[in-house]
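Chain by chain, the residues run as shown.
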Amino acid sequence: DRGLFPEVRTFPGGGAPKPPALHAEMKRELGGVGIVSGYGLTECPIIAMNTVRCPSDKLARTEGRVNPPGAEIRVVTLDGRIAGPDEEGELRLRGPQLCKGYVDPTLDANAFDEDGFFRSGDLGFLDADGYVVVTGRLKDVIIRKGENISAKELEDLLYTHPAVADVAVIGLPDPALGERCCAVVACEPGETLAFDAMVAFLKDAGLMRQKIPEQLELVIEVPRNAAGKIQKQILRQRFMD
């Protein structure tokens, strides 16, 4: 009937997406204000951070406001416009903690835009109150326990299985892992694929154990749009629970 650690103040977080339910569960079961998380990259450390004084709904769903003096986050839509509040785009970063460039200077042209903002590769938005919400990656990467897993690497391997006709690998919210890796497979006519068989196949292909999906879902057809692009958001919504 009370938190396990009633004197605790907060649990700092970051490095991976957090399911909002995890914040509420920790607050209820362990004590304190819950998870106080922030956002940053190796190239631009902690450019946004929540505080213990932020509302609980902001702690659950955001990574805080831009707070170092002189730091900025600009959200640029995929068609190159400056995004408005709650409008998703690439998070671009600038501030005193931003690195000056890479050791290999040939990488800088693609890493920085014309105004000196760093292209994070992260998708997200700033809400109406200026809080940062991270929604995904421009390059499809699943962040499991703080480790990046390439969906394309897994898809490319699974496509080589003789029973697989089509495949999409997605990240799903997970209270223990941040994201769990889920393979969604459409099989060839008359074929099927069991979870254990998938795991054995990926191990035999030399895939590192920590990259093997925790979940397999079989579908009749992997949804694609008119341009042939897999609609992963539809799959995430379908299998999130």
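Shown above is the structure to which this text applies.
Keep in mind that this is a model prediction, so the values were computed, not measured. (Residues numbered from 1 in each chain as written. Predicted model: local features only at pLDDT ≥ 70, side-chain atom pairs only at ≥ 80, totals over all residues. Heavy atoms only, no water.)

**Student:** Before we move on, can you summarise the overall build of the chain with the specific residues and values?
**Tutor:** Scanning the chain for helices and strands turns up six helices and 13 strands. Across its three principal axes, the chain shows a C-alpha extent of roughly 60 × 55 × 35 Å. When each of the 241 residues of the chain is scored for burial, the buried share is 43%. At a minimum sequence separation of 6, the contacts of the chain that also span at least 24 residues come to 56%. Per element, the accessible surface of the chain, about 13,300 Å² overall, is 54% carbon and sulfur. Computed over 29 positive and 37 negative side-chain charges, the inter-centroid distance for the chain is 4 Å. (Helix = DSSP H or I, 4+ residues; strand = E, 2+ residues; numbered from the N terminus. Buried < 20%, exposed > 50% of the residue type's maximum accessible area, 1.4 Å probe, protein only. Contact = heavy atoms within 4.5 Å. Areas by Shrake-Rupley, 256 points an atom, 1.4 Å probe, with all protein chains shown as cover. Lys, Arg positive; Asp, Glu negative; His and termini not counted. Charge placed at Lys NZ, Arg CZ, Asp CG, Glu CD.)

**Student:** So what's going on with helix α6 (residues 232-239)? Which residues, and what values?
**Tutor:** The complete set of buried residues in α6 reads Lys 232, Leu 235 and Phe 239. Buried positions in α6, seen along its axis, are confined to an arc of 60° and lie on one side of it. (Arc of directions from axis to C-beta.)

**Student:** Break down the pairing of strand β10 (residues 147-150) for me, with residues and values.
**Tutor:** Regular strands have side chains that alternate between both faces of the sheet. Taken together, the four bridges between strand β9 (residues 141-144) and β10 define a ladder with antiparallel strand orientation. Bridge pairing in β10 places Arg 144 opposite Glu 147. Between β9 and β10, which pair antiparallel in sequence order, lie two residues; one of them, Lys 145, sits at a positive phi of approximately 55°. (Pairing = 2+ DSSP bridges.)

**Student:** Explain the sheet that holds strand β5 (residues 72-76) to me, using residue names and the numbers behind them.
**Tutor:** Read across the sheet, four strands follow the order β5-β6-β7-β8 without closing on themselves; strand pairing throughout is antiparallel. A single partner strand is all that each edge strand has here, and the edge strands are β5 and β8 (132-137). Strand-to-strand twist across the sheet, computed as the mean angle between neighbouring axes with direction ignored, equals 50°. Direction of pairing for β5 relative to strand β6 (residues 89-94): antiparallel, over a ladder of five bridges. (Axes fitted to C-alpha atoms, helices over the stretch in contact; angles between N-to-C directions.)

**Student:** Outline the state of the cysteines, listing residues and values.
**Tutor:** A full pass over the atoms with the stated rule returns zero disulfides. No disulfide involves Cys 182; its nearest neighbouring cysteine sulfur is the one of Cys 181, lying 7.6 Å away. The closest cysteine sulfur to the non-disulfide-bonded Cys 187 is located on Cys 182, 13 Å from its own sulfur. Judged by relative accessible area, Cys 187 falls into the buried class, the value being 18%. (Disulfide = S-S within 2.5 Å.)

**Student:** A description of the packing of aromatic side chains should follow, citing residues and the corresponding values.
**Tutor:** Using the criterion set out here, one finds one aromatic pair in the structure. Taken together, a centroid distance of 5.5 Å and an interplanar angle of 70° make the contact between Phe 112 and Phe 118 edge-to-face. (Phe/Tyr/Trp six-rings, centres within 6.5 Å; stacked < 30°, edge-to-face > 60°.)

**Student:** A description of the environment of Gly 116 should follow, citing residues and the corresponding values.
**Tutor:** Mapping Gly 116 onto the fold places it in the loop between α3 (108-111) and β7 (118-126). Sequence-wise, Gly 116 and Ala 205 are 89 residues apart; in three dimensions their C-alpha atoms are separated by 42 Å. Not counting the four nearest positions on each side in its chain, Gly 116 is found in contact with Leu 93, Arg 94 and Leu 98.

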